[in-house]
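Chain and residue survey
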Amino acid sequence: MFVMRGVVCPICGARGSLQLKGVKSTNGKLLFYYYIAHYKQKNGKPHSVSWHYIGKQLPESISKQITPA
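Residues numbered from 1 in each chain as written. Predicted model: local features only at pLDDT ≥ 70, side-chain atom pairs only at ≥ 80, totals over all residues. Heavy atoms only, no water.

1. Considerations on the packing of aromatic side chains
Centre-to-centre distance and the angle between the planes together describe a pair of aromatic rings. Applying the stated rule across the entire model yields three aromatic pairs. Centre to centre, the rings of Y35 and W51 are 6.1 Å apart; their planes meet at 85°, and the pair counts as edge-to-face. Remark: W51 occurs in strand β4 (residues 45–55) and Y35 occurs in strand β3 (residues 30–42); sequence separation between them is 16 residues. For the pair Y35 and Y53, a centre-to-centre distance of 5.5 Å together with 70° between the ring planes defines the contact as edge-to-face. Note that Y35 is positioned in strand β3 and Y53 in strand β4, a separation of 18 residues in sequence. Of the aromatic side chains, those joined through ring pairs into one cluster are Y33, Y35, W51 and Y53. Its end group placed over the ring of Y35, K21 keeps NZ or CZ at 4.7 Å from the ring centre. Positioned over the ring face of W51 is K21, at 4.0 Å from the centre of the ring. (Phe/Tyr/Trp six-rings, centres within 6.5 Å; stacked < 30°, edge-to-face > 60°. Helix = DSSP H or I, 4+ residues; strand = E, 2+ residues; numbered from the N terminus. Lys NZ or Arg CZ within 6 Å of the ring centre and 35° of its normal.)

Shown next as structure tokens:
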């Protein structure tokens, strides 16, 4: 599983964790899409997560954060 923390979300601008999630299609194939997870804490412990869909390919704003200059 691909995970990269500290990525700025292009949807909301908050930092989150870039993840590659497998989703089953209606014909049973496993398709992979990029999502950014935003973890919310309650009393100092992980409480819930909200997901922002990025797509099959990374936008340039995220690609620049991953590759070193």
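Read on, since the account is not over.
2. Some words on the nonpolar core
Grouped burial of nonpolar side chains is what soluble globular proteins tend to show. Counting residues in each nonpolar core, the largest one holds seven residues, listed as V7, C9, L18, Y34, I36, I54 and I62. Sequence-distant contacts of I36, that is, excluding residues within four places in its chain, are made with V7, V8, C9, P10, G16, S17, L18, S50, W51, H52, I54 and I62. (Core = buried A, V, L, I, M, F, W, Y, C linked by side-chain atoms within 4.5 Å. Buried < 20%, exposed > 50% of the residue type's maximum accessible area, 1.4 Å probe, protein only. Contact = heavy atoms within 4.5 Å.)

3. Quick look at the environment of H47
Relative to the helices and strands, H47 is located in strand β4. Those residues in contact with H47 that sit more than four places away from it in its chain are K40, Q41 and K42.

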